[in-house]
Amino acid sequence: MTTINIKNMVCPRCITAVRAILVSMGLAVEKVMLGEAVIKNDLSEEDLKSLATKLMDEGFELLDDPRSCIVEQIKICVLQWVRMNSQKPKLSDYISDTTHRDYSSLSKLFTQVKGVTIEHFAIQHRVEYAKELLSYSQRTISEIAYTLGYSSPAHLTSQFKQQTGMSPKEFREMKNKNRLYLDEL
């Protein structure tokens, strides 16, 4: 079994795309998850180079640096946490429990590598998810705030305005909604 760590896998379609790349190379896929694929084959250096090229062509990146792998795990945890619809645990607890690592060291590493704190990264993702909900759902701003785990609509509005320069209501009324790709965050 070989585990491959992959950057920029942020959604179910990414998993499907990576699985298709692996299968097209004749690899026996055990499982593919956000940020990671497990295959039954051993890969030669040539196979790894070919895989890296094919992944790059589709907007993914093969990760071999342990620090980058950990940062990618943190990004995936944040993405999962933001999209939780149930009662959210504290972000630091969720990341620590999911990765089985000390949050303090994860936080320092993430900030060193990404140049932004985990908390700020989570706020960016929450705002992008709020934009998605504002664009494609009929939910009220209050419903969206509580779905995203904000303590109040005012808290969502404050962070949204800080990140975008406009209120959620102003964003909803815009014709051309400016949203970011999740892998750009």
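Residues numbered from 1 in each chain as written. Predicted model: local features only at pLDDT ≥ 70, side-chain atom pairs only at ≥ 80, totals over all residues. Heavy atoms only, no water.

Its identity as a non-glycine residue notwithstanding, Asn-8 has a phi of 80°, on the positive side. Tracing the sequence through the fold places Asn-8 in the loop between strand E1 (2–7) and helix H1 (12–24). In this structure, His-100 takes a positive phi of about 60° despite not being glycine. For His-100, a relative accessible area of 71% corresponds to the exposed category. (Helix = DSSP H or I, 4+ residues; strand = E, 2+ residues; numbered from the N terminus. Buried < 20%, exposed > 50% of the residue type's maximum accessible area, 1.4 Å probe, protein only.)

So, about the packing of aromatic side chains. Here the structure, examined in full by the defined rule, presents two aromatic pairs. When the ring of Phe-110 is compared with that of Phe-121, the centres are 5.3 Å apart and the planes differ by 65°; the resulting orientation is edge-to-face. Separated by 11 residues along the polypeptide, Phe-110 in helix H5 (residues 103–114) and Phe-121 in helix H6 (residues 118–136) bring together distant segments of the chain. Accessibility assignment for this pair places Phe-110 and Phe-121 in one class, buried. With 5.7 Å between their ring centres and 70° between their planes, Phe-160 and Phe-171 make a pair best called edge-to-face. You can see Phe-160 sitting in helix H8 (residues 153–164) and its partner Phe-171 sitting in helix H9 (residues 168–173), a full 11 residues away along the chain. Looking at Lys-88, its charged tip hangs above the ring of Trp-81, at a distance of 5.5 Å from the centre. (Phe/Tyr/Trp six-rings, centres within 6.5 Å; stacked < 30°, edge-to-face > 60°. Lys NZ or Arg CZ within 6 Å of the ring centre and 35° of its normal.)

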